Amino acid sequence: MTRTRTVTYLFDPLCGWCYGASPAVASLAAVADLALELLPVGLFSGAGARPMDDGFAAYAWANDQRIQALTGQPFSELYRSQVLADRQRRLDSGPATLALAAVAMTAPDREFPALAAIQSARYVGGRDITAVETLADILAGLGLDTAAALLTEGSEDLTVFDALRVERGRQLMAAHRANGVPNLLYDDGTHRRKLDSEILFSKPGRLAALLQAQ
């Protein structure tokens, strides 16, 4: 069946709320005529990257507990002790965003599973997804060897492609007055509109049911 409708998912791979929204976004795979487009917005990359200090770690963990209570998405003690407690690595989503760009270039239909695996590696496995080596290992574990190699090589083509995606995500976020992430833009083939992001944190099937009925 030809997919005539598109949902654009605006996100950042280091956004805890985006991780919380993952079950709802995953449910869109059940909507047969709907295409899912992922666009990172660089919330925690470039100028948005920052040190992981005690204050931010405490703030993040408090938010994470709210997200877990609301969505059921787990945030493990490994994550708390190995990621939030790490004062050497910055909070920088640039590498993970680049890894997803490598998947988008080589196996675009696998990008959301790759995002979910990267999120789980951080929030459940306590792994450092700011490290290219870790990200390449995650991609290879999904059978995305071409993307893993592309990420490790760090080609100029990948860098340019990644930058263009982030810029497009930021432009769409501004155009639709989307305050932060996660956010969804729904295009029915004639025009694009922003969906209420609250639906991402209700029962996962609600989002799919809403779009199925459109």
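Residues numbered from 1 in each chain as written. Predicted model: local features only at pLDDT ≥ 70, side-chain atom pairs only at ≥ 80, totals over all residues. Heavy atoms only, no water.

As recorded by an unreviewed UniProt entry, the protein chain carries the name Protein-disulfide isomerase and is attributed to Azospirillum humicireducens.

Q: Which parts of the structure should I look at to understand the pattern of salt bridges?
A: Any two side chains of opposite charge can pair if their charged atoms end up close together. Evaluated as defined, the whole model comprises eight salt bridges. Of the charged contacts, one joins Glu-77 and Arg-80 as a salt bridge, the two residues approaching to 4.0 Å between their closest N and O atoms. Of this pair, Glu-77 and Arg-80 both sit in helix 3 (residues 77-84), three residues apart, which is roughly one turn of that helix. Relative accessible area serves as the criterion here: at 51%, Glu-77 is assigned to the exposed category. (Salt bridge = Lys/Arg side-chain N within 4 Å of Asp/Glu carboxyl O. Helix = DSSP H or I, 4+ residues; strand = E, 2+ residues; numbered from the N terminus. Buried < 20%, exposed > 50% of the residue type's maximum accessible area, 1.4 Å probe, protein only.)

Q: Please explain the sheet that holds strand 2 (residues 34-40) as it appears in this structure.
A: In sheet architecture, strand pairing relies on hydrogen bonds along the backbone and comes in two forms, parallel and antiparallel. Sheet architecture is open: four strands sit in the order 2-1-5-6, paired in mixed fashion. Looking at strand neighbours, the two that pair on one side only are strand 2 and strand 6 (192-194), the edges of this open sheet. In this sheet, neighbouring strand axes are inclined to one another by 25 degrees on average, regardless of whether the strands run parallel or antiparallel. Alignment of strand 1 (residues 5-11) against strand 2, held across seven bridges, turns out to be parallel. (Pairing = 2+ DSSP bridges. Axes fitted to C-alpha atoms, helices over the stretch in contact; angles between N-to-C directions.)

Q: What is the right way to look at the pairing of strand 5 (residues 183-187) in this model?
A: Within a regular strand, the side chains alternate between the two sheet faces. The element strand 5 is largely enclosed, with a buried count of four among its five residues. Pairing of strand 1 with strand 5, which is carried by five bridges, proceeds in the antiparallel orientation. Counted as the bridge partner of Val-7 is Tyr-186 from strand 5. For strand 5 and strand 6, the ladder comprises three bridges, and the chain directions are antiparallel. Its bridge partner lying in strand 6, Leu-185 is registered against Lys-194. Between the end of strand 5 and the start of strand 6, which pair antiparallel, lie four residues, with Gly-189 showing a positive phi angle near 105 degrees.

Q: So what exactly am I meant to see when it comes to unusual backbone geometry here?
A: Peptide bonds are trans in most cases, and residues, glycine excluded, mostly fall at negative phi. Across the junction of Val-181 and Pro-182, the peptide omega takes the value 5 degrees, indicating a cis bond. Tracing the backbone shows Pro-182 in the loop between helix 8 (156-175) and strand 5. Backbone geometry at Arg-177 places phi at a positive 50 degrees, although glycine is not the residue there. Take Arg-177: it is sitting in the loop between helix 8 and strand 5.

Q: Teacher, can you tell me more about the nonpolar core here?
A: Looking at soluble globular proteins, one finds that nonpolar side chains tend to be buried together. Membership of the largest hydrophobic core comes to 68 residues, with the highest contact counts inside it found for Tyr-9, Ile-118, Leu-139, Leu-151, Leu-200, Leu-207 and Leu-211. The element that contributes the greatest number of residues to this core is helix 4 (residues 94-106), accounting for seven residues. Excluding its chain neighbours within four sequence positions, the residues that come into contact with Leu-200 are Gly-20, Ala-21, Ala-24, Val-25, Pro-182, Leu-184 and Leu-207. (Core = buried A, V, L, I, M, F, W, Y, C linked by side-chain atoms within 4.5 Å. Contact = heavy atoms within 4.5 Å.)

Q: Honestly, the packing of aromatic side chains in this entry has me stumped. Any pointers?
A: Here the distance between the centres and the angle between the planes together describe a pair of aromatic rings. A full pass over the atoms with the stated rule returns nine aromatic pairs. Between Trp-17 and Phe-201, the ring centres sit 5.2 Å apart and the planes meet at 80 degrees, which makes this aromatic pair edge-to-face. Here Phe-201 lies in the loop between strand 6 and helix 9 (204-212) and Trp-17 lies in helix 1 (residues 16-26), a separation of 184 residues in the sequence. Centroid distance Trp-61 to Tyr-79: 6.1 Å. Interplanar angle 35 degrees. Geometry classified as tilted. Here Trp-61 is found in helix 2 (residues 54-71), whereas its partner Tyr-79 is found in helix 3, with 18 residues between them in sequence. A single burial state applies to Trp-61 and to Tyr-79, both of which are buried. Linked through ring pairs, Tyr-19, Trp-61, Phe-75, Tyr-79 and Tyr-123 together constitute an aromatic cluster. (Phe/Tyr/Trp six-rings, centres within 6.5 Å; stacked < 30°, edge-to-face > 60°.)

Q: Help me out: how do you make sense of the packing of helix 1 against helix 2 in this one?
A: The packing of two helices is summarised by the inter-axis angle and the distance between the axes. Helix 2 packs onto helix 1 with a crossing angle of 10 degrees between their chain directions and a minimal axis gap of 9 Å. Classified by the interaxial angle, the pair formed by helix 1 and helix 2 is roughly parallel. Two secondary-structure elements touch here, helix 1 through Gly-16, Trp-17 and Gly-20 and helix 2 through Asn-63, Arg-66, Ile-67, Leu-70 and Thr-71. Residue composition of the contact of helix 1 with helix 2, grouped by class: three nonpolar, four polar and one charged. (Parallel < 35°, antiparallel > 145°, perpendicular 65-115°, else oblique. Nonpolar A, V, L, I, M, F, W, Y, C, P; charged D, E, K, R; others polar.)

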